[in-house]
Amino acid sequence: MRSGTRRFGVGGLRRFRLWAVLAVALVTVLAGLAWFSPVLSVREVRIEGAGAIPEDRIRELLQIPDQGSILRLDTAAMAQRVASIPKVRSAKVQRVLPSTVRVRVEPRTAVLYYDTPEGAHLLDADGIEYAVEPAPIGVPKLLTERPGTADPLTRSAIAVVRVLPPQLAVQVDTVRADSVSDVSLTLRDGRTVLWGSSEDGERKSAVVLPLLTRPGTVFDVSSPSLVTVK
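Residues numbered from 1 in each chain as written. Predicted model: local features only at pLDDT ≥ 70, side-chain atom pairs only at ≥ 80, totals over all residues. Heavy atoms only, no water.

### Observations regarding unusual backbone geometry
(1) Moving on: Following Leu97, the chain continues to Pro98 via a peptide bond in cis, the omega torsion being 15 degrees.
(2) Moving on: Turning to its location among the elements, Pro98 is positioned in the loop between β2 (88–96) and β3 (100–107).
(3) Moving on: The backbone of Gln63 shows a phi angle near 55 degrees, a positive value even though the residue is not glycine.
(4) Moving on: Within the secondary structure, Gln63 is located in the loop between α2 (55–62) and α3 (75–83).
(5) Moving on: Positive phi outside glycine occurs at Asp200, with the angle close to 60 degrees.
(6) Moving on: Relative to the helices and strands, Asp200 resides in the loop between β10 (192–196) and α6 (201–211). (Helix = DSSP H or I, 4+ residues; strand = E, 2+ residues; numbered from the N terminus.)

### Observations regarding the pairing of strand β1 (residues 44–48)
(1) Moving on: Here β1 shows a clear split, with Val45 and Ile47 buried on one side and none of Glu44, Arg46 and Glu48 buried on the other.
(2) Moving on: Here five bridges tie β1 to β3, and the two strands are oriented parallel to one another. Its bridge partner lying in β3, Ile47 is registered against Val103. (Buried < 20%, exposed > 50% of the residue type's maximum accessible area, 1.4 Å probe, protein only. Pairing = 2+ DSSP bridges.)

### Observations concerning the pattern of salt bridges
(1) Moving on: The tally for this structure, following the rule as stated, stands at 13 salt bridges.
(2) Moving on: Glu44 is paired through a salt bridge with Arg46; the nearest N and O atoms lie 3.8 Å apart.
(3) Moving on: Judged by its relative accessible area of 32%, Arg46 falls in the partly exposed class.
(4) Moving on: Glu133 is paired through a salt bridge with Lys87; the nearest N and O atoms lie 2.9 Å apart. Of this pair, Glu133 sits in the loop between β6 (129–132) and β7 (141–143) while Lys87 is found in the loop between α3 and β2, placing the two residues 46 residues apart along the sequence.
(5) Moving on: Relative accessible area serves as the criterion here: at 28%, Glu133 is assigned to the partly exposed category.
(6) Moving on: Its relative accessible area of 25% is what places Lys87 among the partly exposed residues. (Salt bridge = Lys/Arg side-chain N within 4 Å of Asp/Glu carboxyl O.)

### Observations concerning the confidence of the model for the protein chain
(1) Moving on: Summing up the model confidence of the protein chain, the mean pLDDT is 88 and the portion of residues at 70 or higher is 83%.
(2) Moving on: Every residue in residues 24–32 is under pLDDT 50, and counting partners more than four places away or in other chains gives one contact. (pLDDT = per-residue confidence, 0-100. Contact = heavy atoms within 4.5 Å.)

### Observations concerning α3
(1) Moving on: Listed in full, the buried residues belonging to α3 are Thr75, Met78, Ala79 and Val82. Buried residues of α3, seen end-on, are gathered within an arc of 100 degrees and therefore sit on one face of the element. Residues Ala76 and Gln80 are exposed on α3 and point more than 90 degrees away from its buried face. (Arc of directions from axis to C-beta.)

As structure tokens, this is what we get:
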């Protein structure tokens, strides 16, 4: 009786091994077909968030082949190429099986601009200068001696703009940086806010709005523990 059970167990194990080999072979064949077959070729490219960035330029940089499986696409390299567009802050490329490539784009957004004879130079919140074109409505103008990405005063001005409360940010017409500790804001109604450095941004943001309800033309929050109005 034990011998029969043992023979049955050995035979069952052999059948299991055979089916396992067949299953692995089948998976290998299917994987090969999926990897090389044009059945899974790209039929649709879905671009999201491009805004004013031309979609034709994005498609060109994706370099999607006419033939070949979607599984063979190097999505990381594709995203890197799209992110090389100056107006793109970041890009992500994903496969959506069976045949769609989805591209998610985060455009750069201007927080300041400065003028030159060539036109308005747009700067984003990272301090990157990414375009020379008319500034969007509502973006403040930067006034400093040598504006640009590598300029410490430009970086200080951007750091100030980034912490402004929204209710104040929409009122700012120009941002002037005479030094890293001397940044001031001119509002659209002509009033001036002396902000100082980019430090203590939260405390300054907390006191500036109540301060602006008082009569005056110059509002000094450079020392948030001792604000003044003139």
